[in-house]
Amino acid sequence: MLSIETIKFKCDRCGKCCKHRGDIALTPMDVFQISKYLGCSCEETVRKYTRLSHRHGNFPQVVIQGEGKQSTCIFYDRRIGCKIYPVRPAQCYMFPLVPLTASTDPNPKFGIRECYSKSMTEPVPVQEWIRRSSDRYESEKEIFHWYMEILSGLERFSEDNPNSKDQIKKLLYCEYDLSKDMEEQIKQNLSKKIFYV
Ligand code: SF4
Ligand code: SF4
């Protein structure tokens, strides 16, 4: 896939990229923001809308559930489109951009996947296009990079870890007070010894 510098379309919200997508990995920030938006606890969001991915070995990575024959994202509604559009995960608001370099790279490169938009615009630099796609991008940039950096360590998570997947999953995605500061709580939870034995 070739790296691109600009992008020239506006998402029509056709929903085609919400199908065959049982692979959308959520960060703790995604779970926090989605829960706040839906008015439910993080635990409820994880229980009702996610499943564990099998691609990450022993690490409890949660992904959004897909439904039906086409594995349509559980948040997709045929009439209104994405039910969590203002807080949709990074993987969704960046689509059809695909990162070609590590998420921790200060000058990341992106390639492009197939998109069905019919609304073409003037070419916009990629970073600006992402910034316009979601309010979350700018406000969560710092914590996102921080999380990606430590995630590479966490993904080496070994079978020898005496703490169960469930305990880790709970601390990583569920134990948050939605009325308090998100970043502080995520950093606190992820600094706990349970992850690093
Ligand atoms: S979260 Fe929203 S944008 Fe992302 S795949 Fe699901 S319905 Fe589509
Ligand atoms: S396929 Fe393209 S136009 Fe359709 S919802 Fe996805 S990003 Fe938007």
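If you're wondering where the values come from, they're calculated on a predicted model, not measured in any experiment.

**A closer look at the overall build of the chain**
Secondary structure assignment for the chain yields 7 helices and 10 strands. Taken against the 2.2 N^0.38 rule, which gives 16 Å for 197 residues, the C-alpha radius of gyration of the chain at 17 Å falls within 12% of a compact globule. The proportion of buried residues among the 197 residues of the chain is 25%. Summarising the internal contacts of the chain: among those between residues at least 6 apart in sequence, 70% fall at separations of at least 24.

**What to know about the site of ligand 1**
By nearness alone, every residue bordering ligand 1 is listed as Cys18, Arg21, Ile24, Ile64, Cys73, Phe75, Tyr76, Cys82, Ile84, Arg88 and Cys92. Broken down by class, the residue content of the shell around ligand 1 amounts to 9 nonpolar, no polar and 2 charged.

**With respect to the environment of Lys8**
Examined against the element boundaries, Lys8 turns out to sit in strand S1 (residues 6–10). Counting along the chain gives 157 residues from Lys8 to Lys165, while the straight-line C-alpha distance between them is 42 Å. Residue contacts for Lys8: discarding those within four places in its chain leaves Met120, Thr121, Glu122, Pro123 and Val124.

**Notes on the nonpolar core**
Soluble globular proteins: nonpolar side chains tend toward being buried together. Within the largest apolar cluster, 28 residues are counted, with the highest numbers of intra-cluster contacts made by Val31, Cys42, Val46, Ile64, Cys73, Phe75 and Tyr173. Elements with a contribution of two residues or more to this core: helix H1 (28–38), helix H2 (42–49), strand S3 (62–64), helix H3 (90–93) and helix H6 (165–174). Ranked by residues supplied to this core, first place goes to H1 with 4 residues. With sequence-adjacent residues up to four places away left out, Ile64 is seen in contact with Ile24, Leu26, Tyr49, Thr50, Cys73, Ile74 and Phe75.

**Quick notes on the packing of H1 against H2**
Where H1 contacts H2, the axes come no closer than 9 Å and their chain directions differ by 100°. When the interaxial angle is binned, H1 and H2 end up roughly perpendicular. Judged by residue contacts, Val31, Phe32, Ile34, Ser35 and Leu38 of H1 engage Cys42, Thr45 and Val46 from H2. For the contact of H1 with H2, the class distribution of residues is 6 nonpolar, 2 polar and no charged.

**Examining the confidence of the model for the chain**
Caution applies to low-pLDDT regions: their predicted coordinates should not be interpreted in detail. The predicted model of the chain has a mean per-residue pLDDT of 88, with 94% of residues at 70 or higher. The least confident element of the chain, judged by mean pLDDT, is helix H5 (residues 135–154) at 87; the most confident is H2 at 98.

**A short note on H1**
With 8 of 11 residues buried, H1 lies mostly within the body of the structure. Turning to H1, its buried residues are Pro28, Met29, Asp30, Val31, Phe32, Gln33, Ile34 and Ser35. Just beyond H1, the residue with positive phi is Gly39, at close to 75°.

**Thoughts on unusual backbone geometry**
Note that the residue after Phe95, namely Pro96, is joined by a cis bond; omega there is 10°. By the element assignment, Pro96 lies in the loop between H3 and strand S8 (97–99). Here Arg13, not a glycine, exhibits a phi torsion of approximately 60°, which is positive. Locating Arg13 in the fold gives a position in the loop between S1 and H1. Although it is not a glycine, Ser71 sits at a positive phi angle of roughly 50°.

Conventions used here
- Residues numbered from 1 in each chain as written.
- Chains lettered and ligands numbered in written order.
- Predicted model: local features only at pLDDT ≥ 70, side-chain atom pairs only at ≥ 80, totals over all residues.
- Helix = DSSP H or I, 4+ residues; strand = E, 2+ residues; numbered from the N terminus.
- Rg over C-alpha atoms; globule rule 2.2 N^0.38 Å.
- Buried ≥ 20, exposed ≤ 12 C-beta atoms within 10 Å, placed from the backbone.
- Contact = placed C-beta atoms within 7 Å.
- Near = placed C-beta within 6 Å.
- Nonpolar A, V, L, I, M, F, W, Y, C, P; charged D, E, K, R; others polar.
- Core = buried A, V, L, I, M, F, W, Y, C linked by C-beta atoms within 7 Å.
- Axes fitted to C-alpha atoms, helices over the stretch in contact; angles between N-to-C directions.
- Parallel < 35°, antiparallel > 145°, perpendicular 65-115°, else oblique.
- pLDDT = per-residue confidence, 0-100.

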